[in-house]
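Residue strings, one per chain:
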Amino acid sequence: MTDVLRSFDPATGELVGEVPITPVEEIPAIVARARQVQPSWDERGLEGRAAALAPVGEELLSRAEELAPLLTREMGKPLARSLGEIRACGKGLEEELAEIVEALAPEVVEDERTRSTVYHDPFGVCAAITPWNYPVAMPHWLVLPALVAGNTVVLKPSEETPLIGQAYAEIVADALPDGALQVVQGADAQGKALVAAEVDLIAFTGSREVGKKILTAASDGLKRVILELGGKDPLLVLADADLEAAASFAAQSSFDNTGQACISTERIFVESPVAERFLDLLVEAAGEWSPIGHGLEEENRLGPMVNGRQRDHVLAQLEEAVDRGARVLYGGEGHRGNFVQPTVLADVTPGMSIAREETFGPVACVTEVSDADEAVRLANDSPFGLGAVVFAGDEERGREVGRRLTAGMVGINRGVGGARGTPWVGARESGYGFHHSRDGHRNFTQPRVVSTQAEQRD
Ligand code: NAD
């Protein structure tokens, strides 16, 4: 009898549905099938593959309203956010495809003696392993460039969101030859088996801990890896900042998606002369992140934590922080089921676990600092380095302070996401390899250089 993976609504505990778990012993054959199909997918050429994938955009847009409730029921986020996530993947698809095609086109490079062509060839079979917090966007960000590059893909969606993962994969697979995108369902055992199988590239988005395990496992066979991992993003509020804007951003970036975003603000450093005023404004802004309840009910701004384990982790960090002297200025109580109230903490000190380990929950943690130098020092005192934000009245100074932060993506008076065409990249232990951008798309390929004698010039 096949085991099944049950998906539960984190708001109610009700069963949303189930899928068969892929037996680990079947995974090598799934990968072998992907390898068998890969040459014919590759033969379609770069433009041909992009053209095959183009209808996926329209399909995602036309099915967004049908799929959004499933996304919400599996992981809890408010329906409008689920809709937004699916539509964003559909809407940007054509431009995204054009950008990947441009990045992967062969290039001619010449010097006096040699004429070379650099080809960006597929690796072969790509394993894509993804988390639950953006269960359509995260697979999409890996599967799309991997396929356009000419790889075939075996996707393992998170065990928390198997149904929406399956639905997304079916939409993409419908545009492809049989076997070019297959799904493995399950948890860490299936992830491990997929990494251990004959795959050439492992594209992973998830936690730092699992990323390290994958890097170790991939070293046998020197498999290529792209790891997008967790963060502990700092927000620096300088004394001349627009404090209302900074507080509103701090609340949004700490609480949105119930804090379950890799680029959530997890640590806030504010210069002392404005700390009190900033905290008042932050408490006021926190009040706007209610009500909290089932994501399918339109009035709710925040949904539940994804599961009891994640809730317990956040509550344990909160309790430890309070025991060690942090002050609760907002929330901090009234948690029920998997719902954790948005909470504002002041007097957070660097030794607390809430200041060091990824929280992934709706908590805004504020530490007062004497000046920008102290803020930079504390912000950089972390193994993580995904994003960072600086709010400053003098934008040039904000930029200067931002350049001293060790994060891969830095926003000045705004969030961290860069312009279209820039990489999505974590520094230090928040990433190993990256995607998006010309160079990011090329990470899904093996460069090969073919050279001839250059034509003689006079
Ligand atoms: P996770 O690392 O627990 O799981 C991610 C995926 O890896 C899941 O599909 C899981 O089944 C699989 N997995 C678990 N153990 C494995 C193993 N040993 N080998 C192979 N696969 C294995 O992460 P999560 O809880 O699903 O997601 C939350 C984490 O993801 C947070 O740390 C968050 O910051 C991070 N994240 C990062 C980004 C980014 O772009 N940097 C984006 C979203 C989420």
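Above this text is the structure in question.
Here's what I pulled together on the structure shown here. Note that the structure is predicted; figures quoted are calculated from it, not measured.

1. With respect to the packing of aromatic side chains
In step 1: Scanning the entire structure with this criterion turns up three aromatic pairs.
In step 2: Geometrically, the ring pair formed by tryptophan 141 and tryptophan 424 is edge-to-face, given 5.1 Å between the ring centres and 70 degrees between the ring planes. With tryptophan 141 in helix α6 (residues 137-148) and tryptophan 424 in the loop between β16 (409-412) and β17 (431-432), this residue pair connects regions lying 283 residues apart in the sequence.
In step 3: Here tryptophan 424 falls in the buried class, since its relative accessible area comes to 14%.
In step 4: A ring pair is formed by phenylalanine 249 and phenylalanine 391, whose centres lie 5.4 Å apart and whose planes are at 40 degrees; its orientation type is tilted. Here phenylalanine 391 lies in strand β15 (residues 387-391) and phenylalanine 249 lies in helix α10 (residues 243-255), a separation of 142 residues in the sequence. Accessibility classification places phenylalanine 249 together with phenylalanine 391 in one group, the buried group.
In step 5: One Lys or Arg, arginine 208, reaches over the ring of phenylalanine 384 and ends 4.5 Å from the middle of that ring.
In step 6: In this arrangement the basic side chain of arginine 336 is found over the ring face of phenylalanine 339, its NZ or CZ atom lying 4.8 Å from the centre.

2. Considering the pattern of salt bridges
In step 1: If you walk through the whole model with that rule in mind, you get 25 salt bridges.
In step 2: Glutamate 429 is the salt-bridge partner of arginine 208, the closest N and O atoms lying 2.6 Å from each other. With arginine 208 in helix α9 (residues 208-218) and glutamate 429 in the loop between β16 and β17, this pair connects stretches of sequence that are 221 residues apart.
In step 3: Residue class for arginine 208 comes out buried when judged on its relative accessible area of 17%.
In step 4: Given the relative accessible area of 31%, glutamate 429 is considered partly exposed.
In step 5: For lysine 232, the salt bridge goes to glutamate 266, with nearest N and O atoms at 2.7 Å. You can see lysine 232 sitting in the loop between β9 (224-228) and β10 (233-237) and its partner glutamate 266 sitting in strand β11 (residues 265-271), a full 34 residues away along the chain.
In step 6: Each of the salt bridges in this network shares a partner with another, and the network as a whole consists of Glu59, Arg63 and Glu66.

The rules we used
Residues numbered from 1 in each chain as written. Predicted model: local features only at pLDDT ≥ 70, side-chain atom pairs only at ≥ 80, totals over all residues. Heavy atoms only, no water. Phe/Tyr/Trp six-rings, centres within 6.5 Å; stacked < 30°, edge-to-face > 60°. Helix = DSSP H or I, 4+ residues; strand = E, 2+ residues; numbered from the N terminus. Buried < 20%, exposed > 50% of the residue type's maximum accessible area, 1.4 Å probe, protein only. Lys NZ or Arg CZ within 6 Å of the ring centre and 35° of its normal. Salt bridge = Lys/Arg side-chain N within 4 Å of Asp/Glu carboxyl O.

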